[in-house]
Amino acid sequence: MAEAVLIDFFGLKFNSQKNSHQALLKTLNAVRYHHAAKAKFLCIMCCNNISCGRDGAHNNCELEASNGLSTLLREFETVSNPSMAASLYTIKQKIDEKNLSSIKVIVPMHRKTLLKAFIDQLFTNVYSFEFEDLQVTLRGSPLKQSTEISMITAQEVEAIQNEIQTYLRSLPALKGELTIITSPLISDIFLHGFTTRTGGISYIPTLSSFNLFSSSKRRDPKVVVKENLRRLGNAAGFNVEKFYQIKTDHASDVWIMGRKEPESYDGITTNQRGVTIAALAADCIPIVFADPVRKACGVAHSGWRGTLLGIAMATVNAMITEYGCSLEDIIVVLGPSVGPCCFTLPGESAKGFHNLDPECVRLFDSPNPYVDIRKATRILLERGGILPQNIQDLNQDLNLCTSCHPDKFFSHVRDGLNFGTQIGFISIRE
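Residues numbered from 1 in each chain as written. Predicted model: local features only at pLDDT ≥ 70, side-chain atom pairs only at ≥ 80, totals over all residues. Heavy atoms only, no water.

1. Overview of the pattern of salt bridges
Reasoning step 1: If you walk through the whole model with that rule in mind, you get 18 salt bridges.
Reasoning step 2: The closest approach of N and O atoms between Lys104 and Glu132, which form a salt bridge, is 3.0 Å. A residue pair is termed long-range when its members are at least 10 positions apart, and Lys104 in strand β4 (residues 102-107) and Glu132 in strand β5 (residues 128-133) qualify at 28 residues.
Reasoning step 3: For Glu132, a relative accessible area of 32% corresponds to the partly exposed category.
Reasoning step 4: Residues Lys247 and Glu261 are paired through a salt bridge, measuring 3.1 Å at the closest nitrogen-oxygen approach. Taken together, the residues Lys247 in the loop between β10 (243-245) and β11 (254-256) and Glu261 in the loop between β11 and β12 (267-270) connect sequence positions 14 residues apart.
Reasoning step 5: Lys247 sits in the partly exposed class, given a relative accessible area of 40%.
Reasoning step 6: The partly exposed category is assigned to Glu261, whose relative accessible area is 34%. (Salt bridge = Lys/Arg side-chain N within 4 Å of Asp/Glu carboxyl O. Helix = DSSP H or I, 4+ residues; strand = E, 2+ residues; numbered from the N terminus. Buried < 20%, exposed > 50% of the residue type's maximum accessible area, 1.4 Å probe, protein only.)

2. Here we look at the nonpolar core
Reasoning step 1: Core analysis: the biggest nonpolar cluster contains 39 residues, and Leu88 and Leu168 have the highest contact counts within it.
Reasoning step 2: Breaking this core down by element, the ones donating at least two residues are β1 (4-8), β2 (41-47), α3 (84-97), β4, α4 (112-122), α5 (154-169) and α6 (222-236).
Reasoning step 3: Looking at this core element by element, the count peaks at 7 residues for α3.
Reasoning step 4: Summarising the domain contributions, this core has at least three residues from each of domain 1 (4-48 + 65-139 + 148-169) and domain 2 (173-428).
Reasoning step 5: With residues up to four places along the chain from it excluded, the contact list for Leu88 reads Leu6, Met45, Leu115, Phe118, Ile119, Leu122 and Phe123.
Reasoning step 6: Formed by 35 residues, the second largest nonpolar core is a distinct cluster that contains Leu212, Leu229, Met257 and Ile277. (Core = buried A, V, L, I, M, F, W, Y, C linked by side-chain atoms within 4.5 Å. Domains from an automatic or database assignment. Contact = heavy atoms within 4.5 Å.)

If you want it as structure tokens, here you go:
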């Protein structure tokens, strides 16, 4: 049974005729009868602009003109906007506020394909949709409808995407201004930084607001993440069309850009100008590498598994092998991550860190010791030949444990499975 029911009146033309209102009253009563007992959200979507029909015709959504309809409409929430993108995004927010995921859409048959195209852009696989044909009749004849859209062309898909992008660009930043943390150790020949959670448009509490990753298990669609990334590119000065991020596997594989891309990897290196590479993180360490002498750079995602598997030095070694970098020239910056104050592992998993250096583990004899993945990463980098003065630990310098700072960072440890994602990024200026 659907948790939410959406009735699409967006493409229908209404008038003040009595029989028109009686037909609508009958339709809404039927919806209420079948769904009101179980559904937690009943919604009507219509247009508040008389010229907003996709065929340019007038579209009068004067549902309140009838007293009978007014009484019935109190049981429905009406969303009325001049664009489909604005209406559906508003409805999505209301559905998310109630934490609903099962949605029935009652839509005129000729608009089903169009509506599905919008839904595919604005919703993820977290949601399930069921479609039902909207039947509204007047004295045996269908209520007058807009010009039918029987299929969606590539041009129409592009127009839908543009409408959504235009609407998302109009939204204000949430939770404050976009903030980028940088390191004084990295030369100005590079663009680089680490993002926080402020300044984006994501509104889900654990994803708000500058979430930079979308997946089938999260409620943030790709179009929202793309808009957040566009804002980051504008602020930092990089080209989002030349942006590449790691495909996390919590291992030690590194993609050397220019070679065949692996299916998954936790490190990237490049010497191509104008290409931005990024490491995703929520509690794992986003690491940025820069060699101003050989003009090469890299990023790595270092969780506890990747740390023990040596992803940091694997990225360094790729830079040395591929670009002729020298250990003494490579700068390494450890971005914000969970600190030893908040991160625990089962005793068996913590053994690897204790074997590396006992100082990486606190309360080792407890069932779930506290582990310092940052100290372990520094130890492995220094043992690998990176100069201590060329390593900056932002957590240590700025006291930036991701779990301890819900106002600044996303955290899997703190927020659970529906956590947001920040990044560390770098590129060589063109």
